[in-house]
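Structural features, examined
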Amino acid sequence: MDQGKPMTGDYEPSGLGFVREYVEQIIRTGTTDGVTMKDRPMVLMTYRGAKTGKVRKTPVMRVEHESRYAAVASNGAQPTNPQWYPSLLAEPIIELQDRTVTRQYRAREVFGDEKALWWRRAVDAFPDYADYQRKIDRQIPVFVLEPVSGGTPADDGTEG
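Now for a quick tour of the structure. Everything numeric in this text was worked out from a predicted model, so none of it was measured. (Residues numbered from 1 in each chain as written. Predicted model: local features only at pLDDT ≥ 70, side-chain atom pairs only at ≥ 80, totals over all residues. Heavy atoms only, no water.)

Focus on unusual backbone geometry
Of note, K38 is a non-glycine position whose phi angle comes to about 50°, a positive value. Looking at where K38 falls in the secondary structure, it is placed in the loop between strand 1 (36–37) and strand 2 (40–48). Even without glycine at this site, R99 takes up a positive phi of about 60°. Inspection of the secondary structure assignment puts R99 in the loop between strand 6 (93–98) and strand 7 (101–109). Residue classification places R99 among the partly exposed residues on the basis of a relative accessible area of 41%. (Helix = DSSP H or I, 4+ residues; strand = E, 2+ residues; numbered from the N terminus. Buried < 20%, exposed > 50% of the residue type's maximum accessible area, 1.4 Å probe, protein only.)

A look at the side chain of E95
Summarising the element assignment, E95 is placed in strand 6. The charged side chain of E95 is buried without a salt bridge, its nearest counter-charge being K57 at 5.4 Å. A polar contact of 2.4 Å, which involves the side chain of E95, links it to the backbone nitrogen of M7. (Lys, Arg positive; Asp, Glu negative; His and termini not counted. Salt bridge = Lys/Arg side-chain N within 4 Å of Asp/Glu carboxyl O. Polar contact = N/O pair within 3.5 Å; in protein donor to acceptor, adjacent residues only side chain to side chain.)

Notes on the side chain of T58
Along the chain, the position of T58 falls in strand 3 (residues 55–61). Residue classification places T58 among the buried residues on the basis of a relative accessible area of 12%. Within the structure, the side chain of T58 is placed 2.8 Å from the side chain of Y47, a separation counted as a polar contact. Setting aside residues up to four positions removed in sequence, T58 forms contacts with V43, L44, M45, Y47 and W84. (Contact = heavy atoms within 4.5 Å.)

And the structure:
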């Protein structure tokens, strides 16, 4: 995906009803405001599916620190990673919408001390993550989403 250009292509809605409903609400209202899980705010990731090449949209918990975000691959404490996990590994340039602002980010999986730091931030933002990790054998992956330099917001009318 070119820097500064919105992700285009065939959009494939999620097979999960509640995910489709969240995404439809965000598209309809133009904002992630009001899209919550257990009263905690969410943001919207737009990425390309690793297997299909289609544009996918997935809301994730809002874990933000100094203009960077975490995407926690908890999959609601399921024994496998969410479907978006291999997609971010295959094509790490994504779009993230927080409230009305959409920007490009580069996703990278973090490990060690960096993962521990972001994990604490994630649990602070959504305490259920700690319970999820206790319930499953796999280690929940964490991605840090960093702004793509030179990219411009897709919809807020400003540059930079």
